[in-house]
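Below are the chains, spelled out letter by letter.
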Amino acid sequence: MSEDGSRIAKVLARAGVASRREAEVMIISGRVSVNGKRIDSPALNVTARDRISVDGKPLAAAEPARLWMYHKPLGLVSTTRDEQGRPTVFDALPEDMPRVMSVGRLDLNSEGLLLLTNDGDLKRRLELPSTGWLRKYRVRVNGTPSDDMLAPLRDGIVIEGERFQPMIVSIDRQQGANAWLTIGIREGKNREIRRAMAHVGLSVNRLIRVSYGPFQLGQLAKGAVSEVKSRVLREQLGEVVPPGSPEAPARQNRGTGPKAKRPARPDSKPARPPRPGGPARPATGNATKPARPPKRPTR
């Protein structure tokens, strides 16, 4: 937190309690207290000196941001709780996983790569369209698509007054009554691909997310989880922990300033000190070596 403090919802999100939007709902419903007083508005800044509790329990210190890749199988919803009682992604995760949130969603009938994080701010950052990360899908549709049929998707379409950004669409192969497509999007609106396909007269019967920005599904088995190494996370996202946060490590400014110039190398080595009882040795390098004395004649 800065000296002026940070918004309470942001602090809750950094601590992994919930996403920022979910934290605001928790605050409005009266589940959050600051310094022993229950609050009902997220319009509050808090500092490291404030005591925060959620549902009567002290807020744990924020952990370093972490990210996992999960191969979501069919038949699971991506919400924390489902009103219809359907199994969720979070019910299927390994027991040793910390509390995590999904980055975006995959619906019940979609499968493939789902990113999970323990950090609400990281979740929000990865979901923003301004991040510009391309999300790629393998999509099987019923029908015989053509480039002319898919052209409107590449230009951007409007469905029921909602504008969809241009998609990257290519036809991979026709397989009987179905065809496989590769589709890339950057927004991730609700059921975006299914709605877009229906708009041009195609029905989706299988949808697999194969990548989310630089993170690839690869050979990750269905139902398996793989944590992204912190080094890779830093390379792709820069400094995940905001500078100045209590948990932020001290940054070493390696390579950011001008490099110190090495002193110029002399053309010749300095002369060695004289040997006891003898003349000084000449400097090496450009200096010429003295001629050797003639050998004594052999008898």
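Each value, and the rule that gives it
Residues numbered from 1 in each chain as written. Predicted model: local features only at pLDDT ≥ 70, side-chain atom pairs only at ≥ 80, totals over all residues. Heavy atoms only, no water. Helix = DSSP H or I, 4+ residues; strand = E, 2+ residues; numbered from the N terminus. Contact = heavy atoms within 4.5 Å. Pairing = 2+ DSSP bridges. Buried < 20%, exposed > 50% of the residue type's maximum accessible area, 1.4 Å probe, protein only. Lys, Arg positive; Asp, Glu negative; His and termini not counted. Salt bridge = Lys/Arg side-chain N within 4 Å of Asp/Glu carboxyl O. Polar contact = N/O pair within 3.5 Å; in protein donor to acceptor, adjacent residues only side chain to side chain. pLDDT = per-residue confidence, 0-100.

Honestly, the environment of V54 in this entry has me stumped. Any pointers?
You can see V54 is positioned in strand β5 (residues 52-54). A sequence separation of 16 residues divides V54 from R38, and the C-alpha atoms of the two residues are 9.6 Å apart. With residues near it in sequence (within four places) discarded, V54 still touches L12, M26, R31, V32 and L59.

Explanation requested: the sheet that holds strand β2 (residues 32-34) in the structure shown.
Hydrogen bonding along the main chain pairs the strands of a sheet, whether they run parallel or antiparallel. Reading across from one edge, β3-β2-β5-β6 is the order of the four strands in this open sheet, with antiparallel pairing throughout. Each edge of the open sheet is held by one strand with a lone partner, namely β3 (37-39) and β6 (57-58).

Please explain the environment of T144 as it appears in this structure.
Looking at where T144 falls in the secondary structure, it is placed in the loop between β10 (135-142) and α5 (147-155). Through-space distance from the C-alpha of T144 to that of I171 is 9.9 Å; in sequence the pair is 27 residues apart. Excluding residues that lie within four positions of it along the chain, T144 makes contacts with M149, Q174 and L202.

Please explain the side chain of R135 as it appears in this structure.
In this structure, R135 sits in strand β10. No salt bridge forms around the buried R135; measuring N to O, its nearest opposite-charge neighbour E192 is 6.7 Å away. Within the local environment of R135, its side chain forms a polar contact with the backbone oxygen of E187, the two atoms lying 3.1 Å apart.

What is the right way to look at the pairing of strand β15 (residues 203-212) in this model?
Looking along a regular strand, one sees side chains alternate from face to face of the sheet. Both strand β9 (residues 111-117) and β15 contribute to a ladder of two bridges, which runs parallel. By the bridge assignment for β15, G112 is matched with R209. By the bridge criterion, eight bridges tie β10 to β15 in an arrangement that is antiparallel. Of the residues in β15, the one forming a bridge with R138 is I208. Pairing between β15 and strand β16 (residues 215-216): two bridges, direction antiparallel. Bridged to Y212 within β16 is F215. The antiparallel hairpin formed by β15 and β16 contains two residues in its connecting segment, where G213 sits at a positive phi of about 60 degrees.

I would appreciate a short explanation of the confidence of the model for the chain in the present structure.
For residues with low pLDDT, the predicted coordinates do not support detailed interpretation. Of the residues in the chain, 78% reach a pLDDT of 70 or more, and the chain-wide mean stands at 81. Below pLDDT 50 for its whole length, residues 240-271 participates in 26 contacts with residues either more than four positions away or in separate chains. Note that residues 282-288 has pLDDT below 50 and, in this model, ten contacts with residues that lie over four places away or in other chains.

Would you explain the pairing of β9 in this entry?
Counted residue by residue, β9 has seven buried out of seven residues, so it is predominantly covered. When strand β7 (residues 67-72) meets β9, the two strands line up antiparallel, connected through six bridges. Across the sheet, Y70 pairs through a bridge with L114, a residue of β9. For strand β8 (residues 101-103) and β9, the ladder comprises three bridges, and the chain directions are antiparallel. Note that in β9 the partner of V103 across the bridge is L115.

Would you take a moment to explain the pattern of salt bridges for this structure?
Counted by the stated rule, this structure contains 14 salt bridges. In this structure, the salt-bridge partner of R154 is D147, at a minimum N-O distance of 3.2 Å. Since its relative accessible area comes to 47%, D147 is described here as partly exposed. The partner of E162 in a salt bridge is K189, with the nearest N and O atoms 3.8 Å apart. A residue pair is termed long-range when its members are at least 10 positions apart, and E162 in strand β12 (residues 162-164) and K189 in the loop between β14 (178-185) and α6 (192-199) qualify at 27 residues. Relative accessible area serves as the criterion here: at 27%, E162 is assigned to the partly exposed category. Counted as one network, the salt bridges with shared partners bring together E162, E187, K189 and R195.

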